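Residues per chain are reported as follows:
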Number of protein chains: 2
Amino acid sequence: MARAGLTAERVTLAGAELADEVGLDQVTMSQVARRLGVKDASLYTHVRGLEDLRGRIALLAADEKTIGIAEATSGRAGKDALVAFADAWREYAHKHPGRYMATQTPVQIDPELAAKAAGPRRAVELTYGVLRGYGLTEPDLTDAVRLLRSTFHGFVALEAAGGFAHERSPQQSWVRALDALHTLLEHWPPPQEGDSA
Amino acid sequence: MARAGLTAERVTLAGAELADEVGLDQVTMSQVARRLGVKDASLYTHVRGLEDLRGRIALLAADEKTIGIAEATSGRAGKDALVAFADAWREYAHKHPGRYMATQTPVQIDPELAAKAAGPRRAVELTYGVLRGYGLTEPDLTDAVRLLRSTFHGFVALEAAGGFAHERSPQQSWVRALDALHTLLEHWPPPQEGDSA
DNA sequence: GTTTTATCCTAGGAGCCCTAGGAATACAAA
DNA sequence: TTTGTATTCCTAGGGCTCCTAGGATAAAAC
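Here's a quick rundown of the structure. The residue numbers shown here count from 1 along each chain, following its written sequence. Both sets of labels track the order of writing: A upward for chains, 1 upward for ligands. In view of the model being predicted, local features appear only for residues whose pLDDT reaches at least 70, and side-chain atom pairs are presented and counted only at 80 or more, with totals across whole chains, interfaces and linings using the full set of residues.

## Let's talk about the overall build of chain A
Working step 1: Starting at the N terminus, helices and strands are each numbered in turn, a helix being any DSSP run of H or I of at least four residues and a strand any DSSP run of E of at least two. Across its full length, chain A carries nine helices and zero strands.
Working step 2: Walking chain A from its N terminus toward its C terminus, one meets helices and strands in the order α-α-α-α-α-α-α-α-α.
Working step 3: Each of the three principal axes of chain A carries a C-alpha extent, and together these read 70 × 40 × 40 Å.
Working step 4: In chain A, which comprises 197 residues, the share counted as buried stands at 45%.
Working step 5: Long-range pairs, those at least 24 residues apart, make up 69% of the contacts in chain A between residues at least 6 apart in sequence. Burial is judged by counting other C-beta atoms within 10 Å of a residue's own C-beta: 20 or more means buried, 12 or fewer means exposed, and anything between counts as partly exposed, with every C-beta placed from the backbone. Residue pairs are scored as contacts if the distance between their C-beta atoms, which are placed from the backbone, is within 7 Å.

And the structure:
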């Protein structure tokens, strides 16, 4: 019998496609194997198991998302960069809901594998880059990065979970949220009384 | 054999406890049954199946979280209310990670059941309540509600997923994020040029 | 062409979800 | 108290899942 030519990458990609099409928790060894025209046992040569596969999908997604953001923000600055960054983030989540969801799971990722994947680390660096124009200094810079990432992730997560039932379109709220964040970054408040409590 | 005295509520609670202890995706019919000293088949008298159980856990969590927020914010206004609201939200997520994660899954919930659970609806109303003091009007009000909820959810979700690897403590970033949101709500920007694009 | 290495297979155990139908318990009415 | 009814919980079992062990076979190295 001719070989299928599997690799860890092809298995991961099949899993990622499946996740986008039918949902992340429908991604099973058997389903992925079927999609590749192979018996499920054959996958274990390339992937440790289901958990490992999920981790690989998460890393793939992080890389892809980061690349999209890098392309979108390259050459931009200020609010332009902020909006490009945020839109690229949200667009990735919309286009690849299953992959995106994989990044949310607090999964144990093989450290050796995680070291090779530059996605997550570079994503944070890109966020710092966007903030460069706003004149923030540490530790405000780190706090602002975390606030931005929280808001972007939270928005698309709530959106995906059907959390925006009100009639106003999410798109409109998104645009205004970016206006608001831009304003906020321009007027980042100094520490307040009682912050240490 | 003496009966176990199961109800849908007790089954849901057992599932919720299990979710907090070992993770949401370890919540299986068999595990819940074992915890209740019962055979798995017995659960189907009280719960339609695994998906139904997850939906019930999600509704339970939404209710509990809402109650906690309502208690924390009652009698407060302005930034006090905002901080109390946010802290109660985050505290619930920390105390009940499994339950909280259940609220994230875009699960099909039995409409009849959802109607009985006032949690999600009331949570949004409470958010509007917190914003009452800031003098916002529609549609800014809805946009601000969505921004707040996105940020709160995003922060605790990233926190749970280990997204804050930097040395600065999440707690400090959280306090400063609330400072920032308070400032933002006091200076909510008017629509900008290009917002319609 | 032969040897080695890797891939993909079959076989099978254990656990999971869920249904069907039977036994035992709690409850209601006489 | 006794009888009848409803519900709970059980056993049995099918089909799916993950994963391991060991064998056949295709590709690569020599």
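Next comes the rest of the account.
## Section: the relation of the copies chain B and chain A
Working step 1: Copy-to-copy superposition: least squares on the C-alpha atoms, limited to residues that have pLDDT of at least 70 in both copies. Of the transformation superimposing chain B on chain A, the axial component is 0.0 Å and the angular component is 180°, with the fit at an RMSD of 0.0 Å. Read as a symmetry element, the transformation amounts to a two-fold axis.
Working step 2: An overlap of 100% is found between the interface residues of chain B and their copies at the interface of chain A, pointing to a shared contact surface.

## Some details on the packing of helix α9 (residues 170–186) of chain A against helix α8 (residues 140–160) of chain B
Working step 1: The convention used is that axes are lines fitted to C-alpha atoms, helices contributing only their stretch in contact, and that angles between N-to-C directions extend from 0 to 180 degrees. α8(B) packs onto α9(A) with a crossing angle of 75° between their chain directions and a minimal axis gap of 9 Å. Accordingly, the angle class assigned to the pair α9(A) and α8(B) is roughly perpendicular. Residue-level contacts link Ser173(A), Arg176(A), Ala177(A) and Ala180(A) of α9(A) to Thr142(B), Asp143(B), Arg146(B) and Leu147(B) of α8(B).
Working step 2: Residue composition of the contact of α9(A) with α8(B), grouped by class: three nonpolar, two polar and three charged. Each angle gets one of four labels, with under 35 degrees taken as roughly parallel, over 145 as roughly antiparallel, 65 to 115 as roughly perpendicular, and the rest as oblique. Here the nonpolar group is Ala, Val, Leu, Ile, Met, Phe, Trp, Tyr, Cys and Pro; Asp, Glu, Lys and Arg are the charged ones; every other residue, Gly included, is treated as polar.

## Quick notes on the interface of chain B and chain A
Working step 1: With 35 residues of chain B at the contact, the number on the chain A side is 35 residues.
Working step 2: For the side of chain B that touches chain A, the secondary structure elements donating two or more residues are α8 and α9 (170–186) of chain B.
Working step 3: With 14 residues, the single largest contributor to the side of chain B that touches chain A is α8(B).
Working step 4: Its residues assigned to classes, the side of chain B that touches chain A shows 16 nonpolar, 12 polar and seven charged.

## A word on the nonpolar core
Working step 1: Membership of the largest hydrophobic core comes to 111 residues, with the highest contact counts inside it found for Phe85(A) and Phe85(B).
Working step 2: In this structure, Phe85(A) is in contact with Ile69(A), Ala72(A), Thr73(A) and Val130(A), ignoring residues within four places of it in sequence. In plain words, the nonpolar core is the set of buried Ala, Val, Leu, Ile, Met, Phe, Trp, Tyr and Cys residues that C-beta atoms within 7 Å link up.

## Re the protein's contact with DNA strand C
Working step 1: Whether a residue is near a molecule or strand depends on its C-beta atom, generated from backbone atoms, being within 6 Å of that molecule or strand. Around DNA strand C sit 23 residues in total, of which Ala41(A), Ser42(A), Thr28(B), Met29(B) and Gly49(B) are the nearest.
Working step 2: Mapped by element, the contributors of at least two residues to the surface near DNA strand C are α2 (29–35) and α3 (50–73) of chain B.
Working step 3: Residue contributions to the surface near DNA strand C peak at three residues, all from α2(B).
Working step 4: Considering only residue class, the surface near DNA strand C consists of 11 nonpolar, seven polar and five charged.

## Some thoughts on helix α8 (residues 140–160) of chain A
For the α-helix, the turn length of 3.6 residues means that residues three or four positions removed from each other point alike.
Residues and elements named next belong to chain A.
Working step 1: A helix is expected to span 1.5 Å multiplied by its residue count minus one. For α8, with 21 residues, the first-to-last C-alpha span of 30 Å sits near the 30 Å given by 1.5 Å per residue.
Working step 2: By the criterion of burial, α8 is predominantly enclosed, with 18 of the 21 residues buried.
Working step 3: Looking at the residues trailing α8, positive phi occurs at Gly162, about 75°.

## Things to note about unusual backbone geometry
Working step 1: Along the chain, Glu138(A) connects to Pro139(A) via a cis peptide bond; the corresponding omega equals 0°.
Working step 2: Take Pro139(A): it is sitting in the loop between α7 (119–131) and α8.

## Topic: the packing of helix α4 (residues 78–95) of chain B against α8(B)
The relative placement of two packed helices comes down to the angle between their axes together with the axis-to-axis distance.
Residue and element names in this part refer to chain B.
Working step 1: Remark: α4 packs on α8, axes separated minimally by 10 Å, with the N-to-C direction vectors making an angle of 30°. The angle between α4 and α8 places the two elements in the roughly parallel class. Our pair here, α4 against α8, has a crossing hand that is right-handed. The residues of α8 that touch α4, namely those facing Ala86, Trp89, Arg90 and Ala93, are Phe152, Val156 and Ala160.
Working step 2: Tallied by class, residues from the contact of α4 with α8 come to six nonpolar, no polar and one charged. A crossing counts as left-handed when the near helix is turned anticlockwise from the far one by less than a right angle, and as right-handed when that turn is clockwise.

## A look at the protein's contact with DNA strand D
Working step 1: Neighbouring DNA strand D are 23 residues; Thr28(A), Met29(A), Gly49(A), Ala41(B) and Ser42(B) lie closest to it.
Working step 2: When residues of the surface near DNA strand D are traced back to their parent elements, those giving at least two are α2 (29–36) and α3 (50–73) of chain A.
Working step 3: With three residues, the top contributor of residues to the surface near DNA strand D is α2(A).
Working step 4: Class assignment for the residues of the surface near DNA strand D results in 11 nonpolar, seven polar and five charged.

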